[in-house]
Amino acid sequence: MNDFSGSSAARPAPVVLDVWCELQCPDCRDALTDLIALRARYGDRLDLRLRHFPLEKHKHAFAAAQAAEEAAEQGRAWPYVEAVLGRVEELDRGGEAFLVEVARELGLDADEFDTALIDGRHILIVDADQAEGKAIGVTGTPTYVIGGERLDGGKSQEGLRERIEEIADRLLAEQA
């Protein structure tokens, strides 16, 4: 069977939701429920992109962002992010050893995580995300960008999922 990607039956491009997140952030942990609900509602019609914005006040946030990139390289970005965010207090206490342990628990190559944190192979991605976030006015986490609109979840999550759904629904309807 041939796949004619140029046919009119081709699926429209997914709506992009950039999530500026920090894996040691309790507010990002609280936002996890909304992110899971959005993924369940939209599936592949919503491209949920993790963007790193480690805050200086959290000493393990930069390492956690690098670890998330290693998880993405190993094909398990969101399961890893969800596991770490769900255990923010353990990250506070355990630091890099905790990040490697979570990788091991998820069946990822924990030795490769350890090496990636030592050699810094993902630092440029994290730095680039943080610089882009600062350039567009991100000051805290979580912050969402969808359809050119920035929504700050660092102050309150109240009503944000509904607002994201309104924008996503509008953008998807415009593609139809």
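Preceding block: the structure.
A short tour of the structure in this document, coming up.

**As for the overall build of the protein**
1) Next: Scanning the protein from N- to C-terminus turns up 7 helices and 4 strands.
2) Next: Its helices and strands taken in sequence order, the protein reads β-α-β-α-α-α-α-α-β-β-α from the N to the C terminus.
3) Next: Computed over its C-alpha atoms, the radius of gyration of the protein comes to 17 Å, within 12% of the 16 Å expected for a compact globule of 176 residues.
4) Next: Judged by the C-alpha coordinates and their principal axes, the protein covers about 50 × 45 × 25 Å.

**Notes on the packing of helix 2 (residues 61–73) against helix 4 (residues 88–105)**
1) Next: Here helix 2 crosses helix 4 at 40 degrees, and the two axes come no closer than 10 Å. Judged by the angle between their axes, helix 2 and helix 4 are oblique. Between helix 2 and helix 4 the crossing geometry is left-handed. In this structure, helix 2 contributes A63, A64 and A67 to the contact, and helix 4 contributes L91, E96 and L99.
2) Next: Its residues assigned to classes, the contact of helix 2 with helix 4 comprises 5 nonpolar, no polar and 1 charged.

**Details of the nonpolar core**
1) Next: Grouped together as the largest cluster of nonpolar side chains are 46 residues, with contacts concentrated most on L17, Y80, L99, Y144 and I146.
2) Next: With 7 residues, the top contributor of residues to this core is helix 4.
3) Next: Setting aside its immediate chain neighbours within four residues, Y144 contacts L17, D18, V19, A31, L35, E149, R150, L151, G153, Q157, L160 and I164.

**Comments concerning the sheet that holds strand 4 (residues 149–152)**
1) Next: Read across the open sheet, the 4 strands follow the order 2-1-3-4; overall the sheet is mixed. Each edge of the open sheet carries a strand with a single partner, namely strand 2 (46–52) and strand 4. Ignoring strand direction, the axes of neighbouring strands in this sheet form an average angle of 20 degrees.
2) Next: Sheet topology places strand 3 (residues 143–146) next to strand 4; 4 bridges connect them, and they run antiparallel. Counted as the bridge partner of V145 is R150 from strand 4.
3) Next: On top of the sheet, helix 7 (residues 160–175) reaches strand 1 (15–21), strand 3 and strand 4; it is set at about 165 degrees to strand 4, its chief contact.

**Topic: the side chain of T141**
1) Next: With respect to the element layout, T141 can be found in the loop between helix 6 (123–135) and strand 3.
2) Next: In this structure T141 touches W20, C21, E22, C25, D27, C28, F53, L55 and G154, once residues within four positions along its chain are discounted.

**Here's the deal with unusual backbone geometry**
1) Next: Here T141 and P142 are connected by a cis peptide whose omega angle stands at -5 degrees.
2) Next: Residue placement: P142 occurs in the loop between helix 6 and strand 3.

**Regarding a negative patch on the surface**
1) Next: Together, E96, D109, D111 and D114 make up a region of like negative charge exposed at the surface.
2) Next: Given the relative accessible area of 39%, D109 is considered partly exposed.

**Quick word on the packing of aromatic side chains**
1) Next: Under the defined criterion, the tally for this structure stands at 1 aromatic pair.
2) Next: Where Y80 meets F113, the ring centres are 5.1 Å apart and the plane angle is 40 degrees; that geometry is what we call tilted. Of this pair, Y80 sits in helix 3 (residues 77–85) while F113 sits in helix 5 (residues 110–119), and the two are 33 residues apart along the sequence. With respect to burial, Y80 and F113 carry one shared label: buried.

Rules of the game
Residues numbered from 1 in each chain as written. Predicted model: local features only at pLDDT ≥ 70, side-chain atom pairs only at ≥ 80, totals over all residues. Heavy atoms only, no water. Helix = DSSP H or I, 4+ residues; strand = E, 2+ residues; numbered from the N terminus. Rg over C-alpha atoms; globule rule 2.2 N^0.38 Å. Axes fitted to C-alpha atoms, helices over the stretch in contact; angles between N-to-C directions. Parallel < 35°, antiparallel > 145°, perpendicular 65-115°, else oblique. Left-handed = near helix turned anticlockwise from the far one by under 90°. Contact = heavy atoms within 4.5 Å. Nonpolar A, V, L, I, M, F, W, Y, C, P; charged D, E, K, R; others polar. Core = buried A, V, L, I, M, F, W, Y, C linked by side-chain atoms within 4.5 Å. Buried < 20%, exposed > 50% of the residue type's maximum accessible area, 1.4 Å probe, protein only. Pairing = 2+ DSSP bridges. Patch = residues over 30% accessible without salt bridge, like charges linked within 9 Å, V, L, I, M, F, W, Y side chains within 5 Å. Areas by Shrake-Rupley, 256 points an atom, 1.4 Å probe, with all protein chains shown as cover. Salt bridge = Lys/Arg side-chain N within 4 Å of Asp/Glu carboxyl O. Lys, Arg positive; Asp, Glu negative; His and termini not counted. Charge placed at Lys NZ, Arg CZ, Asp CG, Glu CD. Phe/Tyr/Trp six-rings, centres within 6.5 Å; stacked < 30°, edge-to-face > 60°.

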